[in-house]
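The chain contents come next:
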2 protein chains.
Amino acid sequence: MVVSDPLPSWHDRGAKQAIVEFVTRVTRDRHADFVPPQERIAVFDHDGTMWVEQPMYTQLAFAIDRVKALAPAYPEWHAQQPFKAALEDNLAALAATGERGAAELVAATHANDTTDEFTEIVIGWLMNARHPTLRRLYTELVYQPMVDMLAYLRANGFTTFIVSGGGVELIRPWTQRVYGVPPEQVIGSRVKLHYEYRGNRPVLYRLPEIEPVDDRAAKPAAIYEAIGRRPILAFGNSDADFEMLDWTTAGDGPRLGVLVHHTDAAREFAYDRDTHFGRLSRAVDAAPDRNWVVVDMARDWREMFAAT
Amino acid sequence: MVVSDPLPSWHDRGAKQAIVEFVTRVTRDRHADFVPPQERIAVFDHDGTMWVEQPMYTQLAFAIDRVKALAPAYPEWHAQQPFKAALEDNLAALAATGERGAAELVAATHANDTTDEFTEIVIGWLMNARHPTLRRLYTELVYQPMVDMLAYLRANGFTTFIVSGGGVELIRPWTQRVYGVPPEQVIGSRVKLHYEYRGNRPVLYRLPEIEPVDDRAAKPAAIYEAIGRRPILAFGNSDADFEMLDWTTAGDGPRLGVLVHHTDAAREFAYDRDTHFGRLSRAVDAAPDRNWVVVDMARDWREMFAAT
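Reference entry: report on the structure contained in this document. (Residues numbered from 1 in each chain as written. Chains lettered and ligands numbered in written order. Predicted model: local features only at pLDDT ≥ 70, side-chain atom pairs only at ≥ 80, totals over all residues. Heavy atoms only, no water.)

## Side note on the overall build of chain A
Inference 1: Along its length, chain A carries 12 helices and 7 strands.
Inference 2: Compactness check: chain A gives a C-alpha radius of gyration of 20 Å against a globular reference of 19 Å for 308 residues, within 12% of the reference.
Inference 3: For chain A, the spread of C-alpha atoms along the principal axes amounts to about 65 × 50 × 35 Å.
Inference 4: The buried share of chain A, taken over its 308 residues, is 55%.
Inference 5: Taking the average place of the 33 positive charges on the side chains of chain A and the average place of its 43 negative ones, the gap between the two points comes to 3 Å. (Helix = DSSP H or I, 4+ residues; strand = E, 2+ residues; numbered from the N terminus. Rg over C-alpha atoms; globule rule 2.2 N^0.38 Å. Buried < 20%, exposed > 50% of the residue type's maximum accessible area, 1.4 Å probe, protein only. Lys, Arg positive; Asp, Glu negative; His and termini not counted. Charge placed at Lys NZ, Arg CZ, Asp CG, Glu CD.)

What follows is the structure, encoded as structure tokens:
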């Protein structure tokens, strides 16, 4: 019998083999490690795991573009941080404004619209904005091997959730089309919503108050709150995913953690211990002890992005 | 062709006919009102819509029983509200302690355990506690016509969500078995979780801080935060569901709101404008104008509870 390869974008090396072995084990009826379909929960970090996060998070690129689009109505921004830095594309100055600057940036660019209006803004931006060096639309900078992984897992009875430290509103409008993941299976940071009436029509208005799913220890809590159980499989790429992988793989029964290691400067970016976005140090050091699989993007992935 | 009745627990009267007509309309390919499956989101309030909420919310019965179970370790509770009222089954005195009393009760009875420990406590209670007058287990006091409705909608491509003002932890452990609804499709109030280690094993510890999904205007916001879209079908039973139904049915395209009216004192309870739990007044007054279906439990439901 010829079985077609469910992961054609992956080289037949250790990482792919370890993941396929795990999936085979938990789905084989009457195997000691069999897991019923409703408990086959897999979680995926987003920035750096599903799509490109260099030279900056896509959400930050969106916020900077929004500041530029809104600036004509706010002339004072040219002299006022964090807006001045955003208008000048000065990432170092932007970083220097710290958490307060980030909160002001999000409040000014992600709020004071209805949910429907903001979704329109996001879709319009994603249809036009291009990555500064790779020149593609951001939704074309998703990793094909990870898209194949989602489909492979779902074909094996898994439910696949995206768990991002970034805002859900930038992700939910396109996950069904690109990943096959419906919006209710996307967990992440949000702004507070206020129920109100426009005339006699109820709307949800976005307030400039962030309800973050901070990375790190907040991820397991956010997963449990949204899903009500512990996943059996977790994919991440940075130290911000350490707790998500640790909590996932500490449960009883078969468990697997996977780290995507950015090693491919030719096709994408190579970085780990020394970066502002997606630092990977503690988690990769902990991997051998915990039997986490480390994916070497340059060596394990036959393809990087889908053909356009 | 003989088609078996998908809603055998419902009488063939107006409410059933209106709901079936709506479902037929949105699922018929090439019909002007066709809705693709991924947008067929239906939301269901829980207390009083899916299960009995008289003479008090089940969660309150649980909290009172927990106070009694924990009281030997807290002798001071016999002289201290709200615990004294709980120990004496004095609902009027308990109500008089107000929001502060309710928060103290939840903090004392729903926290300071890991998530796994608390789920064990909930399951143990649900396996033993019985309703004070109907004498059944609480999970046997779910309305069979609503269980049939969930299955009928899912068979027609809908995704069915439970949206409760009560705590999710009392509901999630059994919704798959009783409703066919997985825990990730249950939205509701929660406590804050803290990620920490027991030895070298990560756990989520329940803090005595409530993150409520208050009823009323908080329900549409909680639904949008969890699901990322507006449902097309909403079932409720009280004024606390008014905004959920109003927001659902104010969207574009085909929409339906349904109110369950408790009219059956013989098989269950009859109440509407004058009750502490599940008051129904404004919403039922608004129903005719908005074309919401009002289910008369006594006349529309052939069965009430499943046979045990």
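## Quick word on the packing of aromatic side chains
Inference 1: Evaluated as defined, the whole model comprises 28 aromatic pairs over all chains.
Inference 2: Between A:Tyr143 and A:Phe305, the ring centres sit 5.9 Å apart and the planes meet at 20°, which makes this aromatic pair stacked. Remark: A:Phe305 occurs in the segment after α12 (297-300) and A:Tyr143 occurs in the loop between α6 (115-126) and α7 (144-155); sequence separation between them is 162 residues.
Inference 3: Members of the aromatic cluster, connected to one another through ring pairs, are A:Trp10, A:Tyr143, A:Trp301 and A:Phe305.
Inference 4: Residue placement shows A:Arg206 over the ring face of A:Phe118; its charged tip is 4.0 Å from the ring centre.
Inference 5: One cation-aromatic arrangement involves B:Arg282 over B:Phe242; the distance from NZ or CZ to the ring centre is 3.7 Å. (Phe/Tyr/Trp six-rings, centres within 6.5 Å; stacked < 30°, edge-to-face > 60°. Lys NZ or Arg CZ within 6 Å of the ring centre and 35° of its normal.)

## Side note on the pattern of salt bridges
Inference 1: In total, this model carries 46 salt bridges over all chains according to the counting rule given.
Inference 2: Residue A:Asp264 is joined to A:Arg267 by a salt bridge in which the shortest nitrogen-to-oxygen separation is 2.6 Å.
Inference 3: Judged by its relative accessible area of 27%, A:Arg267 is partly exposed.
Inference 4: In this structure, the salt-bridge partner of B:Asp246 is B:Arg290, at a minimum N-O distance of 2.8 Å. Of the two residues, B:Asp246 is situated in helix α10 (residues 242-249) and B:Arg290 in helix α11 (residues 282-290); the sequence distance between them amounts to 44 residues. (Salt bridge = Lys/Arg side-chain N within 4 Å of Asp/Glu carboxyl O.)

## With respect to the packing of helix α2 (residues 58-70) of chain A against helix α5 (residues 98-109) of chain A
Residues and elements named next belong to chain A.
Inference 1: At a closest axis distance of 9 Å, the pairing of α2 and α5 adopts a crossing angle of 60°. As the angle between them shows, α2 and α5 are arranged oblique. Viewed along their axes, α2 and α5 form a crossing whose handedness is left-handed. Every residue of α5 that contacts α2 at Leu-60, Phe-62, Ala-63, Arg-66, Val-67 and Leu-70 is listed here: Leu-105, Ala-108 and Thr-109. (Axes fitted to C-alpha atoms, helices over the stretch in contact; angles between N-to-C directions. Parallel < 35°, antiparallel > 145°, perpendicular 65-115°, else oblique. Left-handed = near helix turned anticlockwise from the far one by under 90°. Contact = heavy atoms within 4.5 Å.)

## Remarks on helix α1 (residues 14-27) of chain B
Side chains three or four residues apart in an α-helix point the same way, a direct result of the helix having 3.6 residues per turn.
All names here are of chain B.
Inference 1: Compared with the 20 Å implied by 1.5 Å per residue over 14 residues, the 20 Å span of α1 between its first and last C-alpha is a close match.
Inference 2: Listing the buried residues of α1 in full gives Ala-15, Lys-16, Ile-19, Phe-22, Val-23 and Val-26. Looking down the long axis of α1, one finds its buried residues gathered within 130° of arc, a one-sided arrangement.
Inference 3: Elements that come into contact with the buried residues of α1 comprise α7 (144-155), β5 (233-236), β6 (256-261), β7 (293-296) and α12 (297-300). (Expected span 1.5 Å × (residues − 1). Arc of directions from axis to C-beta.)

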